[in-house]
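# Structural features, examined
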Amino acid sequence: MTDRSSAERADELVDAWDEMREYVDHEPQTYERLVVGCARKLAADPSGPLAYSWTLGLVLALPYLATRKPEDGDVGAAFDAAQAVDRALRDAHCTHQGHPFQSDLEGELGNMADVLRELADNGRRWTDLRPRDAWLCPRNVAGHARVVMESLRPGSADDVPPFLPFEDRYELEGLTAIMEGYPLARTFDVAWDLSFAASALQEAADDELAGRVFVATSVAWYVEAEADDADAQELVDELAGAFERAIGLLDDGPCPHGAHPDLPIDTTEALWVGMHLASARGRAAYEKWPEPWAPPLDTALCPAFVAVTARDSLTRLRND
Ligand SMILES: [Zn+2]
Ligand SMILES: [Zn+2]
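### Here's the deal with the coordination of the zinc ion (ligand 1)
Each donor-metal-donor angle in an ideal tetrahedron of four donors is 109.5 degrees, and each such angle in an ideal octahedron of six donors is either 90 or 180 degrees. Within the protein, the atoms that donate to the zinc ion (ligand 1) are Cys-94 (SG), His-96 (ND1), His-99 (NE2) and Cys-137 (SG), at distances of 2.0 to 2.4 Å. Relative to the metal, the four donor atoms surrounding the zinc ion (ligand 1) lie at angles of 101 to 116°, and the coordination shape comes out tetrahedral. Spacing between the donor residues of the zinc ion (ligand 1) along their common chain follows C-x1-H-x2-H-x37-C. Of this pair, His-96 sits in the loop between α4 (73-89) and α5 (105-120) while Cys-137 is found in the loop between α6 (132-136) and α7 (138-152), placing the two residues 41 residues apart along the sequence. According to the relative accessible area criterion, His-96 is partly exposed, its value standing at 26%. We classify Cys-137 as buried; its relative accessible area is 4%.

Listed below in structure tokens is the structure:
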């Protein structure tokens, strides 16, 4: 047996969790083992001294777990373990005014591995703005367990702050990377990935329509600026067909707004707006954690504004 300190072992585990968060579906078998191992440890001792660590490990696993099917074994194991933690710890006594699990998960996730490393090793300098004991508080651990539950089975823990569904985050990160010129390893064919924006708009339900028009609009802007005309023709046709259908569905009669704010000019920001507006959970997160550059929710969802945006995108695609 090698002689290693527990801090070093914890470090290795956090590195593995952090890799799983970043690469999402890079090594599914390894990630599945990690999640099942993590869930087992947690379920065996849901109120134990390391419950915080296993629970945050499951939070870091959420981007990966969103690529799995609900009936997959690791998803069930993670949910059951999180539920056991919530039951064991949610009513613990505490005097904190608030807990880290109540923050914006979208901003939190990139920082969480560092927090875990610092929590596991008293010798490290504490860098998070919130006190260490608020992270370790049983109520916070239970809160993060509910974040896991809510992500895996929406509606199971709806008292946690809203966050963009991880399936949508997966799509957002893939498209953002393409638009920034550095496609992720999982993107084998850029045009193929972009075409999902057209098919999703083509199939969008009423309450997804606004968000999906904006996602497709950002892709149309990107295609207009970047794509080779010959390669892009099929994609342009798919996008145009989807915009035509959307325009037919939108009631763009008079609306109560004197004026509508513009979508952000930046393609990836417009994409971000669209992905958030495409689901009820995304819209709740959009409203709860507003970005200064993003238009207010009510005017962004206005059918007249959405129709103008779709028509403008269609005109630009057709004139190319
Ligand atoms: Zn507390
Ligand atoms: Zn309006």
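### Some thoughts on the coordination of the zinc ion (ligand 2)
Protein-derived ligands of the zinc ion (ligand 2) are Cys-255 (SG), His-257 (ND1), His-260 (NE2) and Cys-302 (SG), with the metal-ligand distances lying across 2.1 to 2.3 Å. In this structure, the zinc ion (ligand 2) is coordinated by four donor atoms arranged in tetrahedral fashion, with angles at the metal of 102 to 113°. Spacing between the donor residues of the zinc ion (ligand 2) along the chain follows C-x1-H-x2-H-x41-C. Residue His-257 is classed as partly exposed on the basis of its relative accessible area of 24%.

### Looking at empty space enclosed by the protein
As enumerated under the stated definition, the model contains one cavity of 30 Å³ or more in all. As a volume, the largest cavity reaches approximately 60 Å³. Every element with two or more residues in the lining of the largest cavity is listed here: α5 and α7. In terms of residue class, the lining of the largest cavity is built from eight nonpolar, two polar and two charged.

### Structural notes on the packing of helix α2 (residues 28-44) against helix α3 (residues 51-65)
Across the interface, α2 lies against α3 with an axial gap of 9 Å and an inter-helix angle of 150°. As far as their axial angle goes, α3 and α2 are roughly antiparallel. For the crossing formed where α2 meets α3, the hand is left-handed. Each of Pro-28, Tyr-31, Glu-32, Val-35, Cys-38, Ala-39, Lys-41 and Leu-42 in α2 lies in contact with α3, whose residues at this interface are Ala-51, Trp-54, Thr-55, Gly-57, Leu-58, Ala-61, Tyr-64 and Leu-65.

### Focus: unusual backbone geometry
In this structure, Val-24 takes a positive phi of about 60° despite not being glycine. Summarising the element assignment, Val-24 is placed in the loop between α1 (6-23) and α2. Residue classification places Val-24 among the buried positions, given a relative accessible area of 2%.

### Considerations on the nonpolar core
Phe-214, Leu-239 and Phe-243 are the most contacted members of the largest nonpolar core, which has 50 residues in total. When residues in this core are grouped by element, the largest group, 11 residues, is from helix α10 (residues 209-226). Contacts of Phe-243, omitting those with residues within four sequence positions, involve Leu-201, Val-213, Ala-216, Thr-217, Ala-220, Ala-310, Ser-313, Leu-314 and Leu-317.

### Digging into the pattern of salt bridges
Working definition: two side chains of opposite charge can pair if their charged atoms are close together. The full count for this structure, using the stated rule, is 20 salt bridges. Between Arg-124 and Asp-11 there is a salt bridge, with its nearest N and O atoms 2.6 Å apart. Placement of the pair is Arg-124 in the loop between α5 and α6 and Asp-11 in helix α1, with a sequence separation of 113 residues. For Asp-11, a relative accessible area of 21% translates into the label partly exposed. Glu-173 is paired through a salt bridge with Arg-169; the nearest N and O atoms lie 3.5 Å apart.

### Considering the domain arrangement of the protein
When cut into domains, the protein gives domain 1 (6-152) and domain 2 (166-319). The centre of domain 1, based on its C-alpha atoms, is set 32 Å off from the matching centre of domain 2. Summed over both partners, the interface of domain 1 with domain 2 comes to about 1,100 Å²; 56% of that surface belongs to carbon and sulfur atoms. By the criterion of area lost to domain 2, the three top residues of domain 1 are Ala-66, Asp-104 and Glu-106, representing 40% of everything that side buries. Linking domain 1 with domain 2 are zero salt bridges, by the criterion used here. For the interface between domain 1 and domain 2, the tally reads three residue pairs in polar contact (both at pLDDT 80 or more). It is α5 that provides the largest number of residues to the side of domain 1 that touches domain 2, a total of three residues. Each residue belonging to the side of domain 1 that touches domain 2 can be placed in one class, and the counts come to six nonpolar, four polar and four charged.

### Points about the layout of surface pockets
Counted as a void, the largest pocket has a volume near 390 Å³. As for the largest pocket, its lining consists of 18 residues, of which Tyr-170, Glu-171, Leu-175, Asp-193 and Phe-196 are closest to the centre. Going through the elements one at a time, α8 (166-179) and α9 (190-202) are the ones with two or more residues in the lining of the largest pocket. Here the lining of the largest pocket gets six residues from one element, more than from any other, and that element is α8. Looking at the lining of the largest pocket residue by residue, the class counts come to eight nonpolar, three polar and seven charged.

About the thresholds
Residues numbered from 1 in each chain as written. Chains lettered and ligands numbered in written order. Predicted model: local features only at pLDDT ≥ 70, side-chain atom pairs only at ≥ 80, totals over all residues. Heavy atoms only, no water. Donors = N, O, S within 2.8 Å, 3.2 Å for Na, K, Ca; no water. Tetrahedral: all angles 85-135°; square planar, octahedral: opposite > 155°, others 65-115°. Helix = DSSP H or I, 4+ residues; strand = E, 2+ residues; numbered from the N terminus. Buried < 20%, exposed > 50% of the residue type's maximum accessible area, 1.4 Å probe, protein only. 1 Å grid on protein atoms, 1.4 Å probe; cavity = no way out; pocket = protein on both sides within 12 Å on 5 of 7 lines; lining within 4 Å. Points joined across faces, edges and corners; volume = space filled by probe spheres on them. Nonpolar A, V, L, I, M, F, W, Y, C, P; charged D, E, K, R; others polar. Axes fitted to C-alpha atoms, helices over the stretch in contact; angles between N-to-C directions. Parallel < 35°, antiparallel > 145°, perpendicular 65-115°, else oblique. Left-handed = near helix turned anticlockwise from the far one by under 90°. Contact = heavy atoms within 4.5 Å. Core = buried A, V, L, I, M, F, W, Y, C linked by side-chain atoms within 4.5 Å. Salt bridge = Lys/Arg side-chain N within 4 Å of Asp/Glu carboxyl O. Domains from an automatic or database assignment. Buried area = accessible area lost by both parts, 1.4 Å probe. Polar contact = N/O pair within 3.5 Å; in protein donor to acceptor, adjacent residues only side chain to side chain.

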